[in-house]
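A structural walkthrough
What follows is the residue order along each chain.
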Amino acid sequence: MAVVTLDLPSPALDRTFDYLVPARFDAAARPGVRVRVPFNGRRVGGFIVERREHSDHTGKLSPISAVSSGLVLLTAGLWRLANAVAARQAGTVSDVLRLAIPAAHVATEKLLAAASSGAEESGKLTGGDLAAGDSQAAAEGVSNDALAERSPSRVAWACRPGPDLFRGLRAAVDAARAAGRQTLIIAPSERLVASVLRALSEPEDAESCQRRPPPADLAGILAGIESDGRGRDRDPGLAPPGQGDWSGRAPELAADCREAGPVIGRLVAGDGPEARLEAYWAAASGALDVLVGTRAAAFAPLARPGLLVLLNDGDPALREPRAPYAHARTVLTVRAAQERTDLLVAGMTRSVQAQALVESGWLAALSPSRSQVRAATPVVNAPTVEDLAREGTTALTRFPEAAFRLVRRGLSLGPVLIQVPSAAHEVFGLIRTAEEIARAFPASRLARSGEDVGIVERVGPEPVLVVATPGAEPSAVNGYAAAILLDARAWAGRPELDAAVDALRIWMGGAGLVRPRGEVLLLGSDGGPAAQALVRWDPVGLAERELAERRELGLPPATKAVVLTEAPGKRSSRSSGTSAVAVLDSAGGAGAGAVAGFVAALGLPAEVRVRTIADKTVLLIPAPQAKEVIGRIRQVVREKSATGQSLGVRVRVDGELD
């Protein structure tokens, strides 16, 4: 017989079911393969989790209807990860697996199964794995496999603008590869995925290869990159949690560099089911050295896991909009603990959530020194309206005289970037701004880059005015001579908890493309913490400040937030224009209707604060009670589902407070 997990949406059915295996399917019905089975009068899809001789079920067992391909897609590691993520997010395992495993493509699965039929089985599930997947240990991210002997290195890296990020990735990938381990890199956008693929695929010159010192740990690799191979320049007290020995790493790695580069694959939603399945299986079978992908690829199994990388973890594109709404950061941190892999959270900025992991000691912090920052960054000016008023009536215009002067100065030296919010965030969108700029500088060549008009990947060193939305800024040969960041309040003034750090991430995304000691002008700023952090180029300082304030107020990530809303179709109109922090700090009580009934059914401990903001009810749970309360939420959801009642409530653990 076979133990099967079914693709069913009901929380009440979030468990495994036993089925008979007909003799004709005996060879193909291996743990991890996709099957079709009868359930409640219809055929549904699922995966075999385990094969057993006998079932604990006392009734009659139905036989499996079909084995889709015989290709093992659900590995032991993914089963443990899916159970742990579902437990942390108060969700169902079927929802996690629906996100994790690419959609069925029968022809591709059969081809891959035939190609791999002679290979040694890896990732095979066993009864022990099934028990571990449902256990408290798995939910906490604990694994007892052979990798547990390693002491992994986990690093939050606030890198400098310029080539440091890609150089650091290459060094870390080389180290993992030399140890016979695979690397998984998760980026928030397909555009960044493409940039990483280009950086890892380009051949590296022999001189830089020989300069690289043999790495001792992940932090050591990146510290060498920070100081351009000439030694470390960081706080010696910031040691990684573990030494990350990567047992078997070749000491001659610096001279290795490989005539042929690593085998690299990509896994992104836009590639279609056939390409996604091929990349997924190549990583799971060990054929790839590196897999680079977007949000859902965080679940992709690796045959020889060694390094997990998350880029720009504060980008909202890394939040999964579908149940159980797990952020890629959550997936990779759980996974790093389970698989005992190294973890690198990298980007020019640092999220408040990553800072909380740093201050807890779970992540080690690695940042460039102030001298390195000054040498690599532009000079930033963020005048307030009062500052600009000294120049006369243009102070209140969107493009004051100071901006005109900077554009003229910049165009005499090379390309100039003008970053503008998209129309969704500001009444003045890309197209209208580009028209205004064209009228103001009729003799200058103009380029536009954005989702609505097409993205320009790169511009040359010659003078050109580039108007672009955040995330669509082209890179420039030798960097931009100058940049103007318009409408600062469109980002920093939003009524969201992460508004300041998100604004800084967006501004640095544009300012970081400016050549060292070039000029950047931030317009529309109120001189708040985000603008000050940009002027100082101090993303870590802003993250530290934000975390300290949230601790005082008892807000996430100092507490665990569970956001409850009425199911779609039952929501009331949203209110706006009020600070999320202010509302959460002062409001109280649960919303009306289904949400209020759900909160009452939970029987919450007294330590949990219940607050409302707009149409959301937020449970702010102290860390010691988080596991208990989230487990209770999951149980109540299952109980209501089992009675056939419509829950009428959407549950999001770590949901956005906006």
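Residues numbered from 1 in each chain as written. Predicted model: local features only at pLDDT ≥ 70, side-chain atom pairs only at ≥ 80, totals over all residues. Heavy atoms only, no water.

This part is about unusual backbone geometry. Following A323, the chain continues into P324 via a peptide bond in cis, with omega recorded as 5°. Secondary-structure assignment places P324 in the loop between strand 10 (305–311) and helix 12 (328–339). Here P556 and P557 are connected by a cis peptide whose omega angle stands at 0°. Within the secondary structure layout, P557 lies in the loop between helix 21 (539–553) and strand 21 (560–566). We note that R340 has phi near 55°; this positive angle belongs to a residue other than glycine. With respect to the helices and strands, the residue R340 is situated in the loop between helix 12 and strand 11 (342–347). Judged by its relative accessible area of 24%, R340 is partly exposed. If you check the backbone angles, R517 has positive phi at about 65° while not being a glycine. With respect to the secondary-structure elements, R517 resides in strand 20 (residues 514–522). Under the relative-accessibility criterion, R517 is labelled partly exposed at 46%. (Helix = DSSP H or I, 4+ residues; strand = E, 2+ residues; numbered from the N terminus. Buried < 20%, exposed > 50% of the residue type's maximum accessible area, 1.4 Å probe, protein only.)

Here we come to the pattern of salt bridges. Under the counting rule described, the total for this entry stands at 35 salt bridges. In this structure, D502 engages R505 in a salt bridge whose closest nitrogen and oxygen atoms are separated by 2.5 Å. Of this pair, D502 and R505 both sit in helix 19 (residues 499–511), three residues apart, which is roughly one turn of the helix. Residue R505 is classed as buried on the basis of its relative accessible area, which comes to 17%. Measuring nitrogen to oxygen at the nearest pair gives 3.8 Å for the salt bridge that ties D538 to R536. Assessed through its relative accessible area of 22%, D538 is described here as partly exposed. What you see here is one network of salt bridges that share partners, running through D315, R494, E496, D502 and R505. (Salt bridge = Lys/Arg side-chain N within 4 Å of Asp/Glu carboxyl O.)

Turning to empty space enclosed by the protein, a few remarks are in order. By the definition in use, this model includes three cavities of 30 Å³ or more. What lines the largest cavity is simply L99, R295, A296, A298, F299, E320, A326, H327, A328 and V331. Along the lines of polarity and charge, the residues of the lining of the largest cavity split into seven nonpolar, one polar and two charged. (1 Å grid on protein atoms, 1.4 Å probe; cavity = no way out; pocket = protein on both sides within 12 Å on 5 of 7 lines; lining within 4 Å. Points joined across faces, edges and corners; volume = space filled by probe spheres on them. Nonpolar A, V, L, I, M, F, W, Y, C, P; charged D, E, K, R; others polar.)

The next point concerns the confidence of the model for the protein chain. When pLDDT drops low, the exact placement of atoms in the prediction is not to be read closely. On average, residues of the protein chain score 84 in pLDDT, and 82% of them reach the 70 mark or higher. Segment residues 119–149: pLDDT under 50, and 55 contacts once partners within four positions in sequence are set aside and those in other chains are kept. Of the regions scoring below 50 in pLDDT, residues 228–259 engages in 80 contacts with residues more than four places distant in sequence or in other chains. (pLDDT = per-residue confidence, 0-100. Contact = heavy atoms within 4.5 Å.)

So, on to the packing of helix 19 against helix 21. Contact pair helix 19 / helix 21: the axes reach a minimum separation of 10 Å and the direction vectors enclose 170°. In terms of their interaxial angle, helix 19 and helix 21 are classed as roughly antiparallel. Of the residues in helix 21, those in contact with A500, V501, L504 and M508 of helix 19 are P539, L542 and E546. (Axes fitted to C-alpha atoms, helices over the stretch in contact; angles between N-to-C directions. Parallel < 35°, antiparallel > 145°, perpendicular 65-115°, else oblique.)

Sheet strands line up and pair through hydrogen bonds in the backbone, either parallel or antiparallel. Overall, parallel pairing links the six strands, which are arranged 13-20-19-14-17-15 in an open sheet. With partners counted over all chains shown, the strands left at the sheet margins are strand 13 (379–381) and strand 15 (446–449), one partner each. Direction aside, the axes of adjacent strands within the sheet are offset by 15° on average. Pairing analysis gives three bridges linking strand 13 to strand 20, with the strands arranged parallel. Bridge pairing in strand 20 places V380 opposite V520. Strand contacts of helix 16 (residues 401–411): strand 14 (416–419), strand 17 (465–468), strand 19 (480–485) and strand 20, with the helix running at about 160° to strand 19, the strand carrying the most contacts. (Pairing = 2+ DSSP bridges.)

Our next topic: the sheet that holds strand 4 (residues 42–51). Here five strands make up an open sheet; going across it, the order is 2-1-4-3-5 and the pairing antiparallel. What marks the edges here is a single partner per strand, and that holds for strand 2 (16–19) and strand 5 (66–72). Ignoring strand direction, the axes of neighbouring strands in this sheet form an average angle of 40°. Note that strand 3 (residues 33–39) and strand 5 share three bridges and pair antiparallel. Each residue of the ladder has a partner; that of R36, found in strand 5, is A66. Along the sheet, helix 3 (residues 106–115) makes contact with strand 3 and strand 5, crossing strand 5 at roughly 50°.

Residue placement: R550 occurs in helix 21. If we skip the residues at most four places from it in the chain, R550 touches V352, Q353, L497, D498, L555, P556, P557 and A558.

Attention now goes to helix 24 (residues 623–642). Between the first and last C-alpha of helix 24 there are 29 Å, a value that for 20 residues agrees with the 28 Å anticipated at 1.5 Å per step. The complete set of buried residues in helix 24 reads Q625, A626, V629, I630, I633, R634, V636, V637 and S641. Contacts from the buried residues of helix 24 go to helix 1 (76–88), helix 2 (93–100), strand 21, helix 23 (594–602), strand 23 (616–621) and strand 24 (649–653). At the exit of helix 24 stands G644, carrying a positive phi of roughly 80°. (Expected span 1.5 Å × (residues − 1).)

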